[in-house]
Amino acid sequence: MAEILDGKALANTLSEEIKEKVKAMSSNGIKPHFCVINIGDDPASKVYVRAKKRRAEKLGIDQEIFQLPAETTEEEALALIQKLNNDPQINGVMVQLPVPNHINSDHLIEAINPEKDVDALTAANVGRLWQGTHFVKPATACGIIDLLDHYQISLDGKRAVIIGRSNIVGKPLAALLLERNATVTLAHSHTKNLTELTKQADILVAAVGKAKLVTADMVKEGAVVIDVGINRIDGHLVGDVDFDNVKKRASYITPVPGGVGPLTVESLMQQVVALTRRQNGKS
Ligand SMILES: Nc1nc2c(c(=O)[nH]1)N[C@@H](CN(C=O)c1ccc(C(=O)N[C@@H](CCC(=O)O)C(=O)O)cc1)CN2
């Protein structure tokens, strides 16, 4: 039976470390300040943005949430990003995803100054991620690596299969696992014989958004299974992994909720601190 990878507990531990760092910065007159732009009425986004606001407040980080109406034009959103880019008081800027269909999220992300790109999604920061010269990392991928490290799960030489090639999870996680010498395969909706691949995985990550996509027969005995999916079914949250059955085969597994999700928020706060330090000449 698998050991549970408790993301919530780790998030609380990391929180104490971040709080100490923020306190030390404050005593040098530096206070991190970040902004989240949320456009439209996506109910899940509102939950996540609220979680970020609360976490930042708890850590002593200044934050501003720009809640814009669904009819906001791309030009209006771009103008706001420019304003935040030009404000020396602001260290981090992010656009909560998804945005309404009439707005191209790539245009908004690319408009963010890479030095303030707290999500690490601009082309410049994606390039740095793959080159191993990054100073900021996408929150969810970073949280997953922190979780694996915390449980001393070695990655060197391990075969990692990630299902899902999104810009916010699958691709950056592939880069970070590669950096740690794992052999990485990115599977996606066009992948043939998915089970053949997943059965070879020492580390299996599901980041698709399809409830219970990963079943026990797709998992190698003793694999580490990371579930990034958040699916709301009849008012309940379920992941992309059939948790109850897969846990009987895996050595470690993340629950949903309480696994990767809480680390996303915590990691984001780490990135805000990292960018603020960098902007103030600290490594
Ligand atoms: N610009 C971005 N947009 C989005 C990102 C992102 O990293 N950058 N990630 C997700 C949403 N997200 C943060 O923004 C996020 C997802 C999940 C959680 C979380 O704590 N989940 C809990 C369950 C909470 C619930 O829904 O009730 C858990 O899994 O335990 C926090 C933040 C998409 N957009």
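As the structure is a computational prediction, the values presented were derived from the model and not from experiment. (Residues numbered from 1 in each chain as written. Predicted model: local features only at pLDDT ≥ 70, side-chain atom pairs only at ≥ 80, totals over all residues. Heavy atoms only, no water.)

### Details of the pattern of salt bridges
Pairing of side chains with opposite charge becomes possible as their charged atoms draw close.
And then number 1: With the rule as written, the count across this model stands at eleven salt bridges.
And then number 2: The shortest N-O distance in the salt bridge between Asp 41 and Lys 46 comes to 3.6 Å.
And then number 3: Residue classification places Asp 41 among the exposed positions, given a relative accessible area of 54%.
And then number 4: Accessibility expressed as a relative area gives 31% for Lys 46, which makes it partly exposed.
And then number 5: For Glu 266, the salt bridge identified is with Arg 55, shortest N-O distance 2.6 Å. (Salt bridge = Lys/Arg side-chain N within 4 Å of Asp/Glu carboxyl O. Buried < 20%, exposed > 50% of the residue type's maximum accessible area, 1.4 Å probe, protein only.)

### What to know about the sheet that holds strand β7 (residues 203-206)
And then number 1: Read from one edge to the other, the open sheet built from six strands follows the order β1-β11-β8-β7-β5-β6, with strand pairing classed as parallel. What marks the edges here is a single partner per strand, and that holds for β1 (3-4) and β6 (183-187).
And then number 2: Both strand β5 (residues 159-163) and β7 contribute to a ladder of four bridges, which runs parallel. When the sheet's bridge partners are listed, Ile 163 is paired in β7 with Ala 206.
And then number 3: Helix α7 (residues 170-179) contacts β5, β6 and β7 of the sheet and is inclined by roughly 170 degrees relative to β6. (Pairing = 2+ DSSP bridges. Helix = DSSP H or I, 4+ residues; strand = E, 2+ residues; numbered from the N terminus. Contact = heavy atoms within 4.5 Å. Axes fitted to C-alpha atoms, helices over the stretch in contact; angles between N-to-C directions.)

### Examining the environment of Val 93
And then number 1: Mapping Val 93 onto the fold places it in strand β4 (residues 92-95).
And then number 2: The class of Val 93 is buried, set by a relative accessible area of 0%.
And then number 3: In sequence terms Val 93 and Ala 187 are 94 residues apart; their C-alpha atoms lie 30 Å from each other.

### Considering the UniProt feature "binding site: NADP(+)" (unreviewed entry) in the chain
And then number 1: UniProt feature "binding site: NADP(+)" (unreviewed entry): in the numbering of this structure it lies at Gly 164, Arg 165, Ser 166 and Ile 230.
And then number 2: Position of Gly 164 relative to the elements: it lies in the loop between β5 and α7.
And then number 3: By relative accessible area, Gly 164 is classed as buried at 8%.
And then number 4: For Gly 164, the contacting residues outside a window of four places in its chain are Gly 170, Leu 186, Ala 187, Ala 207 and Val 208.
And then number 5: Looking at the secondary structure, you find Ser 166 in the loop between β5 and α7.
And then number 6: The exposure class of Ser 166 is partly exposed, given its relative accessible area of 28%. (UniProt positions renumbered as here; feature names shortened; annotations may be inferred.)

### Quick notes on the sheet that holds strand β3 (residues 62-68)
And then number 1: The strand order across the open sheet built from three strands is β3-β2-β4, with neighbouring strands paired in parallel fashion. Looking at which strands have only one partner, the edges of the open sheet turn out to be β3 and β4. Neighbouring strand axes in the sheet, compared pairwise and without regard to direction, differ in orientation by 15 degrees on average.
And then number 2: In this structure, strand β2 (residues 33-39) lies alongside β3, joined through seven bridges in parallel fashion. Its bridge partner lying in β3, Asn 38 is registered against Gln 67.
And then number 3: Its contacts with the sheet place helix α3 (residues 74-86) against β2, β3 and β4, and it is angled at close to 180 degrees to β2.

### Topic: the UniProt feature "domain: EAL" (unreviewed entry) in the chain
And then number 1: Here the UniProt-annotated "domain: EAL" (unreviewed entry) positions come out as residues 1-152.
And then number 2: Across residues 1-152, the secondary structure splits into 52% helix and 13% strand, with the terminal C-alpha atoms separated by 18 Å.

### Points about the site of the ligand
And then number 1: The environment of the ligand is made up of 17 residues, and the closest members are Lys 52, Val 95, Asp 119, Arg 232 and Gly 258.
And then number 2: Backbone polar atom of Val 95 to a nitrogen atom of the ligand: 2.7 Å apart, as the coordinates give it.
And then number 3: The backbone of Gly 261 places a nitrogen or oxygen atom 3.4 Å from an oxygen atom of the ligand.
And then number 4: Contributing elements (two or more residues each) for the shell around the ligand: α2 (43-59), β4 and α10 (260-279).
And then number 5: Looking at the shell around the ligand element by element, the count peaks at four residues for α10.
And then number 6: When the residues that make up the shell around the ligand are grouped by side-chain class, the tally is ten nonpolar, four polar and three charged.
And then number 7: Counting only domains with at least three residues in the shell around the ligand, you end up with domain 1 (29-113) and domain 2 (139-262). (Near = heavy atom within 4 Å. Polar contact = N/O pair within 3.5 Å; in protein donor to acceptor, adjacent residues only side chain to side chain. Nonpolar A, V, L, I, M, F, W, Y, C, P; charged D, E, K, R; others polar. Domains from an automatic or database assignment.)

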